[in-house]
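If you want the building blocks of each chain, they are given just below.
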Amino acid sequence: MTDVLAIADHRDGELRDVSFELATAGRALADETGGDVHLAVISGPVDDFADGLALDGVDVVHTVEYGDEFNHDVYVQAISQLYETIEPQYVLVPNSVNGLDYAPAVAARLDLPIVTDVVDLDVDGETLIATREMYGGKVETTTELDAGTALATIREGEWPAAEGAGESSIDAFDAEIDEAAIGSTVTGFEEVAGGDVDISEADLLVSIGRGIEEEENLDLIRDLADALDATLSSSRPIVDAGWLPANRQVGQSGKVVTPEVYIAIGISGAVQHVAGMKGADTIVAINTDPNAPIMDIADYAIHDDLFDVVPALIEQFS
Ligand SMILES: Cc1cc2nc3c(=O)[nH]c(=O)nc-3n(C[C@H](O)[C@H](O)[C@H](O)COP(=O)(O)OP(=O)(O)OC[C@H]3O[C@@H](n4cnc5c(N)ncnc54)[C@H](O)[C@@H]3O)c2cc1C
């Protein structure tokens with residue numbers, strides 16, 4: 001038992017970014033155990049998905065054709081059967097809404113220890129060492145699972161996405177799904193009201209915080225977002241005030257985002273906020289306080305008043 005089995009995530013016919021991050025996490029782990037990386041995709045257009053998942057570092061892509069969307073019972077059955085066939089040492093699951101739905105059931109069925117919301121993984125002999133964050137990212141803890149095998153759910157945005165086509169073999173896995181054991185039926189996928197935008201998929205985010213002072217000043221930020229063709233997001237106080245819907249909130253109790261560029265405007269950089277955006281490739285901060293924590297993690301820190309800087313940026317990019 002040295003292989004790693006990772007489970008891809010998809011929604012509404014699209015693979016989610018975490019699927020590619022799982023390939024990277026799986027490869028790093030398999031390099032430690034000396035095994036292969038098996039990446040499985042269950043339900044949806046699995047043949048199309050398999051082409052996209054045949055990534056550098058992935059040895060085998062397993063497809064399980066059954067239904068269009070995620071179904072708890074189908075996933076639990078399919079993953080359990082994949083596990084019994086492949087006999088991997090470790091199973092990696094996204095710490096997503098879907099992943100958190102089925103991971104405990106899979107762990108219970110297979111009698112595997114489980115560790116959730118992992119931000120880093122290491123191996124020491126037969127022990128899996130999982131790093132997790134507590135108290136809004138203020139404290140890191142390590143959990144050691146020495147059962148030899150284990151299941152871990154990995155936090156989205158913590159590993160770089162695997163890129164580049166590999167020479168993965170593709171295996172159509174013939175899972176025997178017991179239909180009598182399917183307790184729920186998924187009839188389709190519907191975004192909640194106001195869920196028109198998924199900020200976790202955006203490449204360029206213009207994000208606003210309490211420094212904006214008043215709701216009407218949001219128009220200025222919208223103009224900047226338009227000029228840059230960027231997506232608008234925010235810190236929690238903006239959502240709490242009802243100025244933007246909850247699906248725009250970045251952070252621990254909001255969404256984890258991994259854009260190429262994150263422009264933090266009038267945001268202090270509290271740990272709960274940083275927990276959601278530290279995976280951005282480039283961080284630009286605009287803040288009147290040079291000692292604001294966001295300035296320490298920014299690649300470009302603009303120490304100035306947003307009401308001066310933002311109009312200048314709009315003029316520059318319009
Ligand atoms: C359990 C828990 C979960 C939480 N989850 C989240 C979460 O998911 N996301 C989140 O964001 N927060 C979250 N929070 C809240 C978090 O602790 C902070 O309170 C919040 O992030 C602060 O938002 P802010 O940076 O917009 O506001 P502030 O901390 O008030 O910062 C405003 C910033 O704007 C700057 N500023 C003011 N005027 C200007 C100007 N004219 N030009 C430029 N800069 C200016 C100030 O210098 C300051 O740095 C959570 C808190 C708890 C307890």
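Presented here is an overview of the structure given in this document. (Residues numbered from 1 in each chain as written. Predicted model: local features only at pLDDT ≥ 70, side-chain atom pairs only at ≥ 80, totals over all residues. Heavy atoms only, no water.)

At a closest axis distance of 9 Å, the pairing of helix 3 (residues 72-86) and helix 4 (residues 97-110) adopts a crossing angle of 45°. Comparing their axes, helix 4 and helix 3 come out oblique. In the packing of helix 3 onto helix 4, the handedness of the crossing is right-handed. Taken together, the residues of helix 4 that come into contact with helix 3 (itself represented by His72, Tyr75, Val76, Gln77, Ile79, Ser80, Tyr83 and Glu84) are Asp101, Tyr102, Ala105, Val106, Arg109 and Leu110. Grouping the amino acids of the contact of helix 3 with helix 4 by side-chain chemistry returns eight nonpolar, three polar and three charged. (Axes fitted to C-alpha atoms, helices over the stretch in contact; angles between N-to-C directions. Helix = DSSP H or I, 4+ residues; strand = E, 2+ residues; numbered from the N terminus. Parallel < 35°, antiparallel > 145°, perpendicular 65-115°, else oblique. Left-handed = near helix turned anticlockwise from the far one by under 90°. Contact = heavy atoms within 4.5 Å. Nonpolar A, V, L, I, M, F, W, Y, C, P; charged D, E, K, R; others polar.)

Quantified by volume, the second largest pocket comes out at close to 340 Å³. Taken together, 19 residues form the lining of the second largest pocket, with Glu21, Pro160, Ala161, Thr258 and Asp281 sitting closest to its centre. Considered class by class, the residues forming the lining of the second largest pocket number seven nonpolar, four polar and eight charged. (1 Å grid on protein atoms, 1.4 Å probe; cavity = no way out; pocket = protein on both sides within 12 Å on 5 of 7 lines; lining within 4 Å. Points joined across faces, edges and corners; volume = space filled by probe spheres on them.)

We now examine the site of the ligand. Taken together, 27 residues lie near the ligand, and Arg210, Ser235, Ser253, Ser268 and Asn287 sit nearest. In this structure, Gln252 approaches the ligand through a main-chain N or O atom, which is 3.1 Å from an oxygen atom. In the complex, the protein chains occlude 74% of the 980 Å² of accessible area that the ligand would expose alone. Looking at the shell around the ligand, the elements with two or more residues in it are helix 6 (236-240), helix 7 (271-277), strand 16 (282-287) and helix 9 (306-317). Of the residues that constitute the shell around the ligand, the class distribution is eight nonpolar, 14 polar and five charged. (Near = heavy atom within 4 Å. Polar contact = N/O pair within 3.5 Å; in protein donor to acceptor, adjacent residues only side chain to side chain. Areas by Shrake-Rupley, 256 points an atom, 1.4 Å probe, with all protein chains shown as cover.)

A few words now on the sheet that holds strand 7 (residues 114-118). Spatially, the seven strands line up as an open sheet ordered 7-11-6-1-4-5-12, and their pairing is parallel. Edge positions in the open sheet fall to strand 7 and strand 12 (169-172), since each of these has one partner strand only. Each strand of the sheet is rotated relative to its neighbour by a mean of 20°, with strand direction disregarded. Two elements, strand 7 and strand 11 (residues 150-154), share three bridges in a ladder whose sense is parallel. (Pairing = 2+ DSSP bridges.)

Following the criterion strictly, the structure yields three aromatic pairs and no others. Here the aromatic rings of Phe70 and Tyr102 are separated by 5.9 Å at their centres, their planes lie at 35°, and the arrangement is tilted. Placement of Phe70 in the loop between strand 5 (60-64) and helix 3 and of Tyr102 in helix 4 is noted, with a sequence separation of 32 residues between them. Arranged with centres 5.1 Å apart and planes meeting at 40°, the rings of Tyr75 and Tyr102 form a pair that is tilted. (Phe/Tyr/Trp six-rings, centres within 6.5 Å; stacked < 30°, edge-to-face > 60°.)

Once that is clear, we can look at the sheet that holds strand 13 (residues 204-208). Pairing between the strands of a sheet is mediated by backbone hydrogen bonds and can be parallel or antiparallel. As summarised here, the arrangement of the five strands in space is 14-13-15-16-17, forming an open sheet in which the pairing is parallel. On the outer flanks of this sheet lie strand 14 (231-234) and strand 17 (300-303), each paired with one strand and no other. Across the sheet, the mean angle from the axis of one strand to that of its neighbour is 20°, orientation sign disregarded. With four bridges connecting them, strand 16 and strand 17 associate as parallel partners. By the bridge assignment, Val284 is partnered in strand 17 with Tyr300. Contacts from helix 5 (residues 218-228) reach strand 13, strand 14 and strand 15 (261-265), with the element oriented near 170° to strand 13. Of the strands in this sheet, strand 15, strand 16 and strand 17 touch helix 9, which is tilted by about 130° from strand 16.

Attention shifts here to the pairing of strand 14. Because side chains alternate across strand 14, one face comprises the buried residues Thr231 and Ser233, and the other comprises Leu232 and Ser234, equally buried. As paired strands, strand 13 and strand 14 are joined by four bridges and run parallel to one another. Note that in strand 14 the partner of Ile208 across the bridge is Ser234. As a crossover connection, the stretch from strand 13 through helix 5 into strand 14 is right-handed. (Buried < 20%, exposed > 50% of the residue type's maximum accessible area, 1.4 Å probe, protein only. Right-handed = clockwise from strand over helix to strand, strands pointing away.)

Bringing the environment of Ser207 into the picture now. Relative to the helices and strands, Ser207 is located in strand 13. The exposure class of Ser207 is buried, given its relative accessible area of 0%. Along the sequence, Ser207 and Ala78 sit 129 residues apart, while their C-alpha atoms lie 40 Å from each other. Discounting chain neighbours no more than four positions away, the residues touching Ser207 are Ser233, Ser234, Val250, Tyr262, Ile263, Ala264, Ile265, Ile267 and His273.

This next bit is on a negative patch on the surface. There is a patch of like negative charges on the surface, built from Asp12, Glu14, Asp17, Glu201, Asp203, Glu260, Asp281 and Asp299. Its location among the elements puts Glu260 in the loop between helix 6 and strand 15. (Patch = residues over 30% accessible without salt bridge, like charges linked within 9 Å, V, L, I, M, F, W, Y side chains within 5 Å. Salt bridge = Lys/Arg side-chain N within 4 Å of Asp/Glu carboxyl O. Lys, Arg positive; Asp, Glu negative; His and termini not counted. Charge placed at Lys NZ, Arg CZ, Asp CG, Glu CD.)

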